[in-house]
Amino acid sequence: MSANENTDGRLVVVSNRLPFTLKRAGDSGWRTDRSTGGLATAMGPILRRTGGIWIGWSGDSSDPQDERRQKTLKRWAERERYFAVDIPAETAAGFYEGYSNQTLWPLFHQFPSLLNFKPEHWQAYREANLRFRDVVLEHLRPGDIVWVHDYQLMLLPELLREAVPDARIGFFLHIPFPSSPIFRLLPRREELLQGLLGADYLAFHTYSYLQHFRASTLRILGLDSRMDRLEVGGRSVRLDALPIGIAPREFTELLARDAETIKRRDELRARFDGRRVLLGVDRLDYTKGIPERLRTFRRLLRQTPDLRGHVVLIQVAVPSREVIPMYKELRQEVDELVGKINGEFSTPDWTPITYIRRGIPPTELAALYALADLAWVTPLRDGLNLVAKEYVACQQDGAGVLVLSEFAGAASEMGEAFLVNPYDEERTAETIERALELPADTRRERMSALHKRVLRNNVFAWGDRFLANLREAANERAGNFSEKPQALPVESAVAAFQQAAQRRLLLDYDGTLVPYANRPQDAVPPAELAELLATLAADPATAIAVVSGRSRHDLESWFGEVKGLWLAAEHGAIMRSPETMRWELYRPDYTSDWKEQVSPVLEHFMDRTPGSLIEEKEFSLVWHYRMADPEFGEWLANELVSNLEQMLADTELRAYRGQKTVEVKPGWANKGEVLARLSHSAPHAEFCLAAGDDRTDEDLFARLREDAWTIHIGDRHTRAQYCLANSHELRRLLTRFAAAGRTESRTAG
Ligand code: GDG
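Residues numbered from 1 in each chain as written. Predicted model: local features only at pLDDT ≥ 70, side-chain atom pairs only at ≥ 80, totals over all residues. Heavy atoms only, no water.

**Description of the site of the ligand**
The line we're drawing: Being near a molecule or strand, for a residue, means having at least one of its heavy atoms within 4 Å of it. Two N or O atoms form a polar contact when they lie within 3.5 Å of each other; inside protein one atom must be a possible hydrogen donor and the other a possible acceptor, and for residues adjacent in sequence the pair counts only when both atoms belong to side chains. To qualify as a helix, a DSSP run of H or I must reach at least 4 residues; to qualify as a strand, a run of E must reach at least 2; elements of each kind are numbered from the N terminus. Classification convention: Asp, Glu, Lys, Arg as charged; Ala, Val, Leu, Ile, Met, Phe, Trp, Tyr, Cys, Pro as nonpolar; all other residues, Gly among them, as polar. Either an automatic procedure or a domain database provided the assignment from which the domain bounds are taken.
The environment of the ligand is made up of 24 residues, and the closest members are His 174, Ile 360, Asp 382, Leu 386 and Glu 390. A distance of 2.6 Å separates an oxygen atom of the ligand from a polar atom in the side chain of His 174. One nitrogen or oxygen atom from the main chain of Ile 360 is found 2.6 Å from a nitrogen atom belonging to the ligand. Secondary-structure elements contributing two or more residues to the shell around the ligand are helix H1 (38–50), strand E12 (276–283), strand E13 (311–318), helix H13 (362–371) and helix H14 (386–393). Across the shell around the ligand, the residue classes break down as 12 nonpolar, 8 polar and 4 charged. Two domains each provide a minimum of three residues to the shell around the ligand, namely domain 1 (11–241) and domain 2 (249–457).

If you want it as structure tokens, here you go:
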């Protein structure tokens, strides 16, 4: 079976451009060019590995009826599974050069003064998104996974959701998401946000873009969200920060094995022997900071005459979006600056800037990356920046220096680079000078840390994680989670309790019987809670259990004296029956050897997160981050779980997200298992109630009969039938039960 026929559905990639661009070749017909740019570079290897299809615009809008043109596109479809969306020229102009690149692009890159909005551009943007939708619908099969890319297609998730409500849709934004005050300047901002929210899973490069998005949905649509999800129209949208990686081998293999690349590298080395090579590689775009870089280089040469003759800057700039006036002006500005600087400093045997204003082949690019002593990657604003990672990948055992703008998304995960503010030309020049002077060993050390990370967090890891998270988010939506639990009808519950001859109550502790405290040891129950439980347990018709993640010591010290109460500690790994008053292990052969391996991982996260702590129990280790910065805590918890999932894959251990906790414990220590062991306590209970606030309680809800009263405390997604707002409401309910039990026994007596 080929990957295309994967039973889990194919991957359908949708992006503005395909990896191929269609070009007219004089009168003789049509030419297929390879597209450059981050997206094609990143997605190509993923799709080759997973199989699937790619839908995008061919880049050409002329003459759709032309037979030779049609033939070329047919060949793309048959050979590559690339399907072209036809967009009429006028629509394409408004969509691509208009709203996408003169409204969204400048605003999302924090250049509001360059924003140019025309209502007809917006119409074209919508129209183009509809055309993408139609082509996707033409190819979509049940079970397929649709992965929509980038700012040109922000309406598509919702358009697809309307047409196919159960479609599995993910969206990745490759450019920054601006801060909410800037986003609010955007004409048609509401529609754009709504468009994105059609997805099941929405991911950005960095945590701060995600924060900006959440701030915007809150301010503009009034939608509150958690770090990792947002509820809209009875549906949950999973949110994430997932910086893209590169396919390092596409570069390292060229350098290790490709004769042409190796030859080029050696030629270049000989040519620049004795000189330090600084390298810039960018699309010719005002966000990339090319004029600022050239001016900084000029400053460097002016203030440090010793460098003259000893450094060269090789700047590769690939022209793009040339019909937009801003881009033409930029091209002129860069041409002039290069001319001026070379004019000012060149000598008969040295030219300071080698300027290449066109795309170069991958072999040449890899040779340049390997050659350069310093990569000068200083965008004024950049979603991520792949060039930074590509350079690092080519510096195996190298002593190269990465000078990186703090305004590139990549800066958030490349701390060993020399981070600069590209607007501060003076300090950037100083940093470059200092970096070049550093001993090779120091440079190598910093580079080696970066190198390892770029190889590990590669584009395949990124793609796998995106798709796994998307599948999970879509399954959760389609699964048996009730859309929104109803508020508990308290009177009916009390009446049902009163009428039942036998009842069973299963109650979680933290967040359910008592509110959360900052530190677990502070959530001590008030005396009246023990009394309340004692009153309920005293009624022989009621079997009552506290089913908690807490240790047996905690439960015993608080409720040990309560007669008739079942205690299930550590999610049921160990239980005490009110008859024997002895704690019994669920798995008597259990050992806790695993803690030695898992502890250092949790400790690493504890060190990174001020205010967090580790709790050790008999059967589990728990990282608590309630005291940490809330957003940062959630972010790290996601990171931690994903690290642990890989580490624990072949063991019986699992990592669980709780309320501000990540807990590692054996999979069998699970509240769902408690029920079987309790059933002999009230074998004929007609009234069964379970209350909990946490994901661990969902295991119990899932095991109960349909007529059970399952109550979620709080407002998260749940399997429970009902909800109550907080622990006070639950205790009020239990007090009513206690009173109802008393009335009944008085009546009976
Ligand atoms: C967007 C976001 C984000 C460049 N010149 C040549 C060439 N390239 C390749 C590079 C690199 C890619 O183009 C450029 O990627 P960047 O990440 O630097 O920038 P964008 O095109 O603006 O990409 C960006 C990215 O999406 C991915 O999410 O990082 O922030 O703006 O791969 O190697 N390739 C060849 N010759 C060239 O002359 N062969």
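Past the structure itself, the notes keep going.
**Overview of the packing of aromatic side chains**
Rules: Note on aromatic pairs: the rings of Phe, Tyr and Trp (six-membered ring only in Trp) are paired at centre separations within 6.5 Å, and the planes decide the class, stacked below 30 degrees, edge-to-face beyond 60, tilted for the rest. The classification of residues rests on relative accessible area computed with a 1.4 Å probe and restricted to protein chains. Under 20% of the type maximum is buried, over 50% is exposed, and intermediate values are partly exposed. For a Lys NZ or an Arg CZ to count as sitting over a ring, it must be within 6 Å of the ring centre and within 35 degrees of the ring normal.
Counted under the stated rule, the structure contains 42 aromatic pairs. With centroids separated by 6.2 Å and ring planes inclined at 50°, the aromatic side chains of Phe 95 and Phe 132 adopt a geometry described as tilted. Highlighted residues: Phe 95 in helix H3 (residues 89–108) and Phe 132 in helix H4 (residues 119–139), separated in sequence by 37 residues. For the pair Phe 95 and Phe 132, a shared accessibility class is recorded, and that class is buried. Between the aromatic rings of Tyr 509 and Phe 559, the centroid separation amounts to 5.9 Å while the plane-to-plane angle is 70°, which identifies the pairing as edge-to-face. Within this pair, whereas Tyr 509 is found in the loop between strand E19 (503–507) and helix H19 (527–538), its partner Phe 559 is found in helix H20 (residues 552–559), the two being separated by 50 residues in sequence. Residue Tyr 509 is classed as buried on the basis of its relative accessible area of 0%. Residue classification places Phe 559 among the buried positions, given a relative accessible area of 0%. Three or more aromatic residues link up through ring pairs in this structure, and these residues are Phe 95, Tyr 99, Phe 117, Trp 122, Tyr 125 and Phe 132. A cation sits over an aromatic face here: Arg 69 above Trp 30, 5.7 Å from the ring centre. In this structure, Arg 321 is placed above the aromatic ring of Trp 105, and the distance from its NZ or CZ to the ring centre is 4.1 Å.

**Remarks on unusual backbone geometry**
Backbone phi values are negative for most residues with the exception of glycine, while trans is the configuration of most peptide bonds. Positioned with a positive phi, Asp 150 is a non-glycine residue whose angle comes to about 75°. Looking at the element boundaries, Asp 150 is found in the loop between strand E6 (145–149) and helix H5 (156–163). On the basis of relative accessibility, which here comes to 9%, the residue Asp 150 falls in the buried class.

**Observations regarding the sheet that holds strand E26 (residues 653–657)**
To keep it simple, the criterion reads: Between any two strands, pairing holds if DSSP finds at least two bridges. To obtain an axis, a line is fitted to C-alpha atoms, over the contacting stretch when the element is a helix, and the angle between two such axes runs from 0 to 180 degrees between their N-to-C directions.
Strand order across the open sheet formed by 4 strands is E24-E25-E27-E26, with antiparallel pairing between neighbours. Lying at the two open borders of the sheet, with one neighbouring strand each, are strand E24 (613–616) and E26. Going from strand to strand, the sheet's axes swing by 20° on average, the running direction of each strand aside. Strand direction decides the pairing type here: E24 and strand E25 (residues 621–624), joined by 4 bridges, are antiparallel. Opposite Ile 614, over in E25, you have Trp 623 as the bridge partner.

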